[in-house]
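One letter stands for each residue in the lines below.
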Amino acid sequence: MDSWVRFNAQSQAKERVIRAAQYACTLLGYTLQKGGAAAELRRTVSQLEAHMSLTRKLLRLGNSVEALESAKRAIHLSDSVLRLCLTISHLNRAMYFACDNVLWAGKTGLISKLDQQKWSQRSFRYYLFALILNLTRDVYELRLLIECEERQRAAKSPPSPSPNTTLPADHLSSPSTPGAVTLPVMLAPLRRQFHLLVTVLYSNPPLLLDLMKNSCDIFIPLDRLGIYPTGSGFVGACGLASSVLSILTMVHPWLKLKP
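First, a word on scope: everything that follows refers to the structure included in this document.

Points about the overall build of the protein
Of the regular secondary structure elements, the protein holds ten helices and zero strands. Taking the contacts inside the protein whose residues are at least 6 apart along the sequence as the reference set, 76% of them involve residues at least 24 apart. Accessible surface for the protein amounts to roughly 15,700 Å². Of this, 66% is attributable to carbon and sulfur atoms.

What about the environment of Ser-243?
Topologically, Ser-243 is positioned in helix H10 (residues 232-251). By relative accessible area, which is 0% here, Ser-243 ends up buried. Spatially, the C-alpha atoms of Ser-243 and Arg-16 are 6.0 Å apart, while their sequence positions differ by 227 residues. Filtering out sequence-adjacent residues up to four positions away, Ser-243 remains in contact with Arg-16, Arg-19, Ala-20 and Tyr-23.

Concerning unusual backbone geometry
That bond from Lys-258 to Pro-259 is cis: its omega, 5°, falls within 30 degrees of zero. As for its position among the elements, Pro-259 is in the segment after H10. In this model, Lys-113 sits at a positive phi of 55°, which is unusual for a non-glycine residue.

Remarks on the nonpolar core
Membership of the largest hydrophobic core comes to 15 residues, with the highest contact counts inside it found for Phe-124, Tyr-127, Leu-128, Ile-218 and Ile-220. Among the secondary structure elements, those contributing two or more residues to this core are helix H4 (80-107), helix H5 (116-156) and helix H9 (219-224). Per-element tally for this core: the top contributor is H5, with five residues. Not counting residues within four places of it along the chain, the set of residues in contact with Ile-218 comprises Leu-128, Leu-131, Ile-132 and Leu-135. Of all hydrophobic cores here, the second largest spans seven residues; its members include Ile-146, Val-200, Leu-201 and Leu-207.

Thoughts on helix H2 (residues 39-59)
Taking 1.5 Å per residue, 21 residues should reach 30 Å; H2 reaches 30 Å between its end C-alpha atoms and fits that length. For H2, the complete set of buried residues consists of Val-45, Met-52, Arg-56 and Lys-57. All buried residues of H2 lie within an arc of 145° about the axis, which places them on one face of the element.

Some words on the packing of helix H8 (residues 205-217) against H10
Contact pair H8 / H10: the axes reach a minimum separation of 8 Å and the direction vectors enclose 150°. Relative to H10, H8 is oriented roughly antiparallel. Note on packing geometry: the crossing formed by H8 with H10 is left-handed. Contact residues: Leu-209, Met-212, Lys-213, Cys-216 and Asp-217 in H8; Cys-238, Ala-241, Ser-242, Leu-245, Ser-246, Leu-248 and Thr-249 in H10. Looking at the contact of H8 with H10 residue by residue, the classes come out as seven nonpolar, three polar and two charged.

Examining the side chain of Ser-123
Examined against the element boundaries, Ser-123 turns out to sit in helix H5. Residue class for Ser-123 comes out buried when judged on its relative accessible area of 3%. Within the structure, the side chain of Ser-123 is placed 2.7 Å from the backbone oxygen of Ser-120, a separation counted as a polar contact. Apart from the residues lying within four places of it in its own chain, the contact partners of Ser-123 are Tyr-96, Cys-99 and Asp-100.

Regarding the packing of helix H3 (residues 63-74) against H4
At a minimum axis separation of 8 Å, H3 and H4 run at an interaxial angle of 170°. Between H3 and H4, the interaxial angle falls into the category roughly antiparallel. Contacts between H3 and H4 involve Asn-63, Ser-64, Glu-66, Ala-67, Leu-68, Ser-70, Ala-71 and Ala-74 on the former and, on the latter, Arg-83, Leu-86, Thr-87, His-90, Leu-91, Arg-93, Ala-94, Phe-97, Ala-98 and Asn-101. Across the contact of H3 with H4, the residue classes tally to nine nonpolar, six polar and three charged.

Parameters and conventions
- Residues numbered from 1 in each chain as written.
- Predicted model: local features only at pLDDT ≥ 70, side-chain atom pairs only at ≥ 80, totals over all residues.
- Heavy atoms only, no water.
- Helix = DSSP H or I, 4+ residues; strand = E, 2+ residues; numbered from the N terminus.
- Contact = heavy atoms within 4.5 Å.
- Areas by Shrake-Rupley, 256 points an atom, 1.4 Å probe, with all protein chains shown as cover.
- Buried < 20%, exposed > 50% of the residue type's maximum accessible area, 1.4 Å probe, protein only.
- Core = buried A, V, L, I, M, F, W, Y, C linked by side-chain atoms within 4.5 Å.
- Expected span 1.5 Å × (residues − 1).
- Arc of directions from axis to C-beta.
- Axes fitted to C-alpha atoms, helices over the stretch in contact; angles between N-to-C directions.
- Parallel < 35°, antiparallel > 145°, perpendicular 65-115°, else oblique.
- Left-handed = near helix turned anticlockwise from the far one by under 90°.
- Nonpolar A, V, L, I, M, F, W, Y, C, P; charged D, E, K, R; others polar.
- Polar contact = N/O pair within 3.5 Å; in protein donor to acceptor, adjacent residues only side chain to side chain.

Functional significance is not addressed by these values, which are geometric in nature.
In structure tokens, the structure reads:
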């Protein structure tokens, strides 16, 4: 089993590169269509995209095994929220890959009279559920890090002045301007929270990349399922961006969010 997982990891690297090329073709096809390019050129790009999609399905054969192994590891995590999100996410990925394998068999003619539209919709539903859980995990970890950063700042900050502290005379004599005072007072916590969010994400590149990748990926099944149609151009841009981020985590493993 370990040997298969290691072999499958090599196939995943190739699949990520082909995925980037596929969505680049999607984006290129949209650009050519908007630019009024020749129909023959657009057809060639569309055929190239279809061939890359089929190649990716071939490289994903057996990915269900790797996803099930990941689910077995995740079920032993001590954090209950991470355990729930990651285990169910990996199980949904396993089902997504299984449906994708059936779809590949139908496209290659190994399974005749397969309802490819039905299996495609089914696979994208599992893909969407997995991405929702991944984003939930990202938000949960982000909240934990923000709370940790807040505690560290509170420990370092000087004690707040006593309520009985005498205010400066100019403050006491200043006219009351509720509108001018209320807006900065309302915006101050928002600015503080935003600065805290930026600080936490800047100091945790793996979480930032995973959050960006999942945020880009989720628009793909939303568009394919018709829940939130965005068009081939936006889908191509999101797919290309998430593929580049995935390749980056493979080239630099320390950028991959763990567990």
